[in-house]
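Reading the structure
Listed below, chain by chain, are the residues.
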Amino acid sequence: MINRQLIRLKAVQLFYAFSISTDKTPDEAEKEYATSLERAYDLYLYLLNFLVDIRQHAERAAETIEARNKRLSIRDAAFSAERILANNQWLLTLAENDALNDYREKHQDRTDEERAVAKRLMQTFIDSNDFAVYLKREDYSPEADQEIVRRLYKTIIIPSEDFETLLEERSLYWNDDKDVIDTFVLKTIKRLRPDQDTSQPLLPAWSEEEDHQFALRLFHEAVMRKDETYALITKYGSERWDISRVAFMDIVIMQVAIAELMSFPEIDKSITINEYINTAKWYSTPQSTSYINAMLDAIAKHLRKQGNVFKKV
């Protein structure tokens, strides 16, 4: 699950924190970086688990409605929207998933705010136009159940300000990661079949051990080459630009990029530069991308000329 896009984003985040710190050692920075990657996977499981919590609130609400109907001797009442959400085959499959249940057993406690947000999101699900269309069609096939969960996650949970505030309170790392992790949750909704057994695998933390080693080495090289990469930026960048006017985040992005250029000859130069241009779109200004592109290209050519980088140019 933790791909190279997320690895580079986290490297820039944590290298920025290390660069502005006055007392953090390189070892401490590297441990914090490794922890932040672990927390990214925790966020993935937390988001999936929250869908289960929402289903449970729908189950409780449905039981309350059904108990009231029984008490009032209302017979042949149509299924409530709450019952239909609680019976969603995809959500039930997720709730029974072996891997997610292992996570739930270790994270059973819920704060009052978590319960309140899950309940509000459940109600927002039910009140949405998408859910109204789903009810009107009366198509509760596995495929339809899967699609409505995907749609509701995309249109309700992703933009929820309540949920963003909740994540801020849960972890310092999570809000910065959520945009990327949301894509993995959507991928899981698409992959996890609602008509199959509980042993279906979720996305693993690392698809390949090679990516794990890349992550650790990239940050280590960025930290160890901190002075060297900054010197390159000031030396070669000043030939074209006024370095004093360059945003500090742009400097940080370029330092991590240069560390990758110098340390991973097997990765094509154009791939590295393009990845950090994309990273700048997350963390910097719209004008930064063209500047970073030109700066990294110029520095890569200098490095190659001096024999300090062996990437294709």
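Because the structure is predicted, anything quoted here is derived from the model rather than measured. (Residues numbered from 1 in each chain as written. Predicted model: local features only at pLDDT ≥ 70, side-chain atom pairs only at ≥ 80, totals over all residues. Heavy atoms only, no water.)

Across its full length, the chain carries 15 helices and zero strands. Taken along the three principal axes of its C-alpha coordinates, the chain extends 85 × 35 × 35 Å. In the structure as shown, the chain presents an accessible area of about 16,100 Å², 47% of it carried by carbon and sulfur atoms. Across the chain, 43 positive and 54 negative side-chain charges occur, with their mean positions spaced 3 Å apart. (Helix = DSSP H or I, 4+ residues; strand = E, 2+ residues; numbered from the N terminus. Areas by Shrake-Rupley, 256 points an atom, 1.4 Å probe, with all protein chains shown as cover. Lys, Arg positive; Asp, Glu negative; His and termini not counted. Charge placed at Lys NZ, Arg CZ, Asp CG, Glu CD.)

In this section: the pattern of salt bridges. All told, the structure shown has 26 salt bridges when counted by the stated rule. Among the salt bridges present, the one from E32 reaches K24, with a minimum N-O distance of 2.6 Å. A relative accessible area of 25% means that K24 is categorised as partly exposed. Residues joined in a network through salt bridges with shared partners are R55, E59, E66 and R83. (Salt bridge = Lys/Arg side-chain N within 4 Å of Asp/Glu carboxyl O. Buried < 20%, exposed > 50% of the residue type's maximum accessible area, 1.4 Å probe, protein only.)

Let's shift gears to unusual backbone geometry. Note: most residues except glycine have negative phi, and most peptide bonds are trans. The backbone of S73 sits at a positive phi, close to 60°, despite the residue not being glycine. The phi torsion at E138 lies on the positive side, around 55°, for a residue other than glycine. Relative to the helices and strands, E138 is located in the loop between helix 7 (129–137) and helix 8 (142–157). A relative accessible area of 62% places E138 in the exposed class.

Turning to the packing of helix 1 (residues 4–20) against helix 13 (residues 248–263), a few remarks are in order. Relative to each other, helix 1 and helix 13 sit at 120°, their axes nearing to 9 Å. Relative to helix 13, the element helix 1 is oriented oblique. The way helix 1 lies across helix 13 gives a crossing that is right-handed. Touching R8, A11, V12, F15, Y16, S19 and I20 of helix 1 are F248, M249, V252, I253, Q255, V256 and E260, all from helix 13. Considered class by class, the residues forming the contact of helix 1 with helix 13 number 10 nonpolar, two polar and two charged. (Axes fitted to C-alpha atoms, helices over the stretch in contact; angles between N-to-C directions. Parallel < 35°, antiparallel > 145°, perpendicular 65-115°, else oblique. Left-handed = near helix turned anticlockwise from the far one by under 90°. Contact = heavy atoms within 4.5 Å. Nonpolar A, V, L, I, M, F, W, Y, C, P; charged D, E, K, R; others polar.)

Following the criterion strictly, the structure yields 10 aromatic pairs and no others. Taking 5.5 Å as the distance between ring centres and 55° as the angle between the ring planes, the aromatic pair formed by Y16 and F248 counts as tilted. Of this pair, Y16 sits in helix 1 while F248 sits in helix 13, and the two are 232 residues apart along the sequence. Lying across the ring of F214, R4 places its NZ or CZ 4.1 Å from the centre. The ring of F264 carries R217 above its face, with NZ or CZ at 4.5 Å from the centroid. (Phe/Tyr/Trp six-rings, centres within 6.5 Å; stacked < 30°, edge-to-face > 60°. Lys NZ or Arg CZ within 6 Å of the ring centre and 35° of its normal.)

Another point: the nonpolar core. Formed by 97 residues in total, the largest nonpolar core has its most connected members in Y44, F50, F131, F163, I181 and M254. Of all the elements, helix 2 (residues 26–71) adds the most residues to this core, at 16 residues. (Core = buried A, V, L, I, M, F, W, Y, C linked by side-chain atoms within 4.5 Å.)

Another point: the packing of helix 6 (residues 112–127) against helix 8. In the contact formed by helix 6 and helix 8, the axes pass within 11 Å of each other and the chain directions differ by 115°. When the axes of helix 6 and helix 8 are compared, the crossing they make is right-handed. Contacts from L121, T124 and F125 of helix 6 reach helix 8 at L152, I156 and I157. A class-by-class count of the residues in the contact of helix 6 with helix 8 yields five nonpolar, one polar and no charged.

To continue, consider the environment of R39. The topology assignment puts R39 in helix 2. By relative accessible area, R39 is classed as partly exposed at 32%. Along the primary structure R39 and Y173 are separated by 134 residues, whereas in three dimensions their C-alpha atoms are 7.1 Å apart. In this view, R39 contacts Y173 and W174; residues no more than four positions away in its chain are not counted.

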